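Residue-level structural notes
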Amino acid sequence: MKLTIDHLTKRYGKHTALDNFTCDFTSGVYGILGANGSGKTTLMRMLATVTTPSSGTIQYNGKNIFELGDDYRDVIGYLPQHIGLYKNFTAEKFLYYIAALKGLDQKYASLKVNELLELVNLSDVRKKKVGTFSGGMKQRIGIAQALLNDPKILIVDEPTAGLDPKERIRFRNLLSAISGDRIVLLSTHIVSDIEFIAKEILILKSGRLLHKQDPQKLLSEISEKVWLLQVSEKEIAKYQTLYKVGNIVRSELGAELRIISDERPSPAAVLAKPNLEDLYLYYFEEDQDVSAAQI
Amino acid sequence: MFQLLKFELYKIYKQKSIYILFILLIAIVSSGGFVDRQNERAIYQDYQKFEGKITKEKMAELEIVRDEVNEKFDNGEEVTSEEHTLYGISELFSFRIARMQEREDEIAGLASEINNATSSYKMKKTALKKDMLASIDSSQLYYQKGPAIMIDMIYTFGFVITAFMTIIGIGPIFSKEYSSGMDQFLLSSKFGRSKLVTAKILASLLFILSIVSAWSLYSFAKAYYLFGMHGWKSSLQSLYEFIESPYSYNLMKTFFAMMTIHIIAALAFGLITVFTSSLSKKVMVSILASGMIFGIPLVFDTLLDYGGTTKILVEQILNLSIYRFMKVKELFSGFYTYNIFGTPILHPIVAVVVSVGLGGLAWYMTKWVMKRRQVSI
């Protein structure tokens, strides 16, 4: 099973949302990391065939997915970033509807709906209208619908948005468990979503693919760029101006700064073991709102 | 497919707006004048003796009543309701006979027109009209108020109810999916671009049929309750609006012909509405677009006044509008043909062919659009 993306480009007028994207996917979880506007959603939409490329191709086992049409859509599960649900449908009815759209026969659909409602912890509210659900519950329904047809390719765009930490861990574990014989493409800007489950991480910036490597290799590239530095309260602002600063741990003595820098920021600074959050900051200087999501 | 159809029907019928609108429209239709049901029963009894063929004996009998009533009028005496009815029947008899004579004269005139026709088409058209007029038999009289109001309902309120309900019920069928964000689920699923589109189209058509059935049922119940179901054998020309119609139909045939054409045109309008919905990301735009397709000809037809050549031009355009096809009345009230390769084709046939063509095109285009549909930015 192979998904091959070749020189994929998407333009909206003069704006290029995705630029010359080329890569292959085989079984496993792929984390697609990027700031807002990096092209993640555009890529996911093209993979889900809800948007067509301006140029380039996507092939599934050697065949163009847009020519495969229904046959390709039969093997995918897609959770879009912003989901809209029928407010008047109950959770159960909504899943039955999606099952019908996916061409599942009624008996199998019934089994899957029960199984997935259990899996996403919504069995108790199966008869409740989706319109009454919280954001997290809606997201869980979205996850359930994506899994209804046991997709060979699972495309999930910001799947953990709105989930509480427990649900997020549960979802991560689920993805990890099912990824053995399928391609899971997970886009996020929350690094903890993919830190431990991704086979490879793709870093997208301004529509371009910067890196596609396994997490350890990516981290090794910044192995000498993450520093810990003990500073006084007054010095924090100075370092924040001069360097990319990640975590700030305050104590009675002042603060410990986690600085991402190609050079040692101070003779007193000591090297630290990098994590994906550092990696994110290293590449996405302008968008530093990731740390809050770390579990 | 059946599952998808069920869901699409569920989505359509779950809209509260369609029930509110339907009740409102029926309330407007029902707000007409009061009908004395008992009096109508009595009128029907008075009619029975004179129903059927207009004969000299019946005319002579009515002539006596007529003289008596005239005398009472002159003396200022009160006239019974029976006398009133019989007086009316005698007038109808006279009117029918006069019309029959006029028709005979018109047929004679057409015969000479055929001889002087300047083109083959004109000759065929005139011959067709002559044959149609010759086949009309309006020499029978029946009490036909029940069928009359059922036919009247089609072109006064029925077609408006169908159109409004279609616009409100079907207008959002695709655009609501786009505006709610559900389109991403639909377009990425196996049948989202194929069977779902067919299911939505079929659900729309079924919805329209249910609407037509609903107001027809209302119309039937109202007609049956107030007037009874008598007089279906009466000629189309017995209806004031169709005095000059060249179609030799009785009211039963007229009703079914008009309903059939109304339904075909309504289904075509439904398919056009589905198509406009497939193009529009906003529900309101979709509703406005389909509303304009129906409403603009309606405004031109009912609110604006023209004279001379403008009127002829507007009429020609209106005659090919989906609005007039749904209204049906003008298709049967006069003689109007189209020159198709030198052959005169009657307006109702053209209406059916154009409706089927437009509907088919809208169906195809909806499928085409949905195959290529992309989610918005």
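Report follows, based on the coordinates. (Residues numbered from 1 in each chain as written. Chains lettered and ligands numbered in written order. Predicted model: local features only at pLDDT ≥ 70, side-chain atom pairs only at ≥ 80, totals over all residues.)

Further remarks concern the overall build of chain B. Looking only at helices and strands, chain B has 16 helices and 4 strands in total. Per-residue burial for chain B yields a buried fraction of 35% across its 377 residues. Intrachain contacts of chain B at a sequence separation of at least 6 include 81% that bridge at least 24 residues. (Helix = DSSP H or I, 4+ residues; strand = E, 2+ residues; numbered from the N terminus. Buried ≥ 20, exposed ≤ 12 C-beta atoms within 10 Å, placed from the backbone. Contact = placed C-beta atoms within 7 Å.)

The secondary structure content of chain A amounts to 10 helices and 14 strands. Scaling as 2.2 N^0.38, a compact globule of 295 residues should have a C-alpha radius of gyration of about 19 Å, and chain A matches this with 21 Å. For chain A, the spread of C-alpha atoms along the principal axes amounts to about 70 × 45 × 35 Å. At a minimum sequence separation of 6, the contacts of chain A that also span at least 24 residues come to 68%. (Rg over C-alpha atoms; globule rule 2.2 N^0.38 Å.)

Residue and element names in this part refer to chain B. Of note, Thr 166 is situated in helix α7 (residues 145-170). In this structure the C-alpha to C-alpha distance between Thr 166 and Lys 145, which are 21 residues apart in sequence, comes to 29 Å. Contact partners of Thr 166, with chain neighbours within four places excluded, come to Ile 208, Ala 266, Phe 269, Gly 270 and Thr 273.

Moving on, we come to the sheet that holds strand β8 (residues 183-188) of chain A. Residues and elements named next belong to chain A. Taken together, the 6 strands give an open sheet; going across it, the order is β6-β7-β8-β3-β9-β10, and neighbouring strands pair in mixed fashion. This sheet does not close on itself; its edge strands, each paired only once, are β6 (76-79) and β10 (208-213). Each neighbouring strand pair of the sheet contributes to a mean axis angle of 15°, computed without reference to strand direction. The sheet contact formed by strand β7 (residues 153-157) and β8 spans 5 bridges and is parallel. Of the residues in β8, the one forming a bridge with Val 156 is Leu 186. (Pairing = 2+ DSSP bridges. Axes fitted to C-alpha atoms, helices over the stretch in contact; angles between N-to-C directions.)

Turning our eyes to something else, we now look at the environment of A:Ala48. By the element assignment, A:Ala48 lies in the loop between α1 (40-47) and β4 (55-60). With 32 residues separating them along the chain, A:Ala48 and A:Pro80 place their C-alpha atoms 9.0 Å apart.

As a further point, take the interface of chain B and chain A. The partner chain A presents 26 residues to the 21 residues of chain B that form the contact. Breaking the side of chain B that touches chain A down by element, the ones donating at least two residues are α1 (2-13) and α9 (183-187) of chain B. The greatest single-element share of the side of chain B that touches chain A, amounting to 4 residues, is contributed by α9(B). Of the residues that constitute the side of chain B that touches chain A, the class distribution is 10 nonpolar, 9 polar and 2 charged. (Nonpolar A, V, L, I, M, F, W, Y, C, P; charged D, E, K, R; others polar.)

Residues and elements named next belong to chain A. Of the pairings in the sheet, the one linking strand β11 (residues 226-231) to strand β13 (residues 254-260) comprises 6 bridges and is antiparallel in character. By the bridge assignment, Val 231 is partnered in β13 with Ala 255. With 2 bridges joining them, β11 and strand β14 (residues 270-271) adopt antiparallel strand pairing. Of the residues in β14, the one forming a bridge with Trp 227 is Leu 271.

Residues and elements named next belong to chain A. With respect to topology, 4 strands assemble into an open sheet ordered β12-β13-β11-β14, the strand pairing being antiparallel. Of all the strands in the sheet, just β12 (244-251) and β14 have a single pairing partner and so form its edges. Against the sheet, helix α10 (residues 276-283) touches β11, β12 and β13, its axis set at about 135° to β12.

On to the nonpolar core, then. Membership of the largest hydrophobic core comes to 158 residues, with the highest contact counts inside it found for A:Phe94, A:Leu95, A:Ile155, A:Leu185, B:Ala265 and B:Met326. Per-element accounting of this core gives the leading share, 15 residues, to helix α11 (residues 251-279) of chain B. Apart from residues no more than four positions distant in its own chain, A:Phe94 is found in contact with A:Leu85, A:Tyr86, A:Phe89, A:Val130 and A:Ile141. Listed in part, the 10 residues of the second largest apolar core include B:Ile43, B:Leu62, B:Phe93 and B:Tyr142. (Core = buried A, V, L, I, M, F, W, Y, C linked by C-beta atoms within 7 Å.)

Glancing now at the pairing of β4(A). All names here are of chain A. Where strand β1 (residues 3-12) and β4 come together, 5 bridges link them in antiparallel fashion. Residue pairing in the sheet places Leu 3 in a bridge with Tyr 60 of β4. Of the pairings in the sheet, the one linking β4 to strand β5 (residues 63-64) comprises 2 bridges and is antiparallel in character. Looking at β5, one finds that Gln 59 is bridged to Asn 64. Taken together, β4 and the strand that follows it, β5, pair antiparallel across an intervening segment of 2 residues, in which Asn 61 is found at a positive phi of about 50°.

An α-helix turns once every 3.6 residues. As a result, residues three or four positions apart point the same way. Residues and elements named next belong to chain B. Over its 26 residues, helix α16 (residues 347-372) runs 37 Å from end to end, which matches the ideal 38 Å to within 8%, given 1.5 Å per residue. Among the residues of α16, those classed as buried are His 347, Ala 351, Ser 355, Gly 359, Ala 362, Trp 363, Thr 366 and Met 370. Buried residues along α16 sit in contact with α10 (195-226), α11, α14 (322-327), α15 (329-333), β3 (337-340) and β4 (343-346). (Expected span 1.5 Å × (residues − 1).)

In this section: helix α4 (residues 56-75) of chain B. In a regular helix each residue adds 1.5 Å, so 20 residues correspond to 28 Å; α4(B) covers 28 Å between its end C-alpha atoms and thus fits that length. The element α4(B) is barely covered by neighbouring structure, given that only 1 of its 20 residues are classed as buried.

Time to look at the packing of helix α5 (residues 81-116) of chain B against helix α6 (residues 120-134) of chain B. Residue and element names in this part refer to chain B. Taken N-terminus to C-terminus, the directions of α5 and α6 make an angle of 155°; their axes are 9 Å apart at the nearest point. Relative to α6, the element α5 is oriented roughly antiparallel. For the pair α5 and α6, the sense of crossing is left-handed. Residue-level inspection shows Arg 103, Glu 106, Ile 107, Leu 110, Ala 111, Glu 113 and Ile 114 of α5 in contact with α6, the latter providing Met 123, Thr 126, Ala 127, Lys 129, Lys 130, Leu 133 and Ala 134. Per-class residue counts for the contact of α5 with α6 are 8 nonpolar, 1 polar and 5 charged. (Parallel < 35°, antiparallel > 145°, perpendicular 65-115°, else oblique. Left-handed = near helix turned anticlockwise from the far one by under 90°.)

Residue and element names in this part refer to chain A. Positive phi is not limited to glycine here, since Asp 150 has a value of about 45°. Within the fold, Asp 150 resides in the loop between α6 (135-147) and β7. Given 15 C-beta atoms within 10 Å, Asp 150 falls into the partly exposed group. Positive phi, normally seen in glycine, also occurs at Ser 206, with a value near 50°. Along the chain, Ser 206 turns up in the loop between β9 (200-205) and β10.

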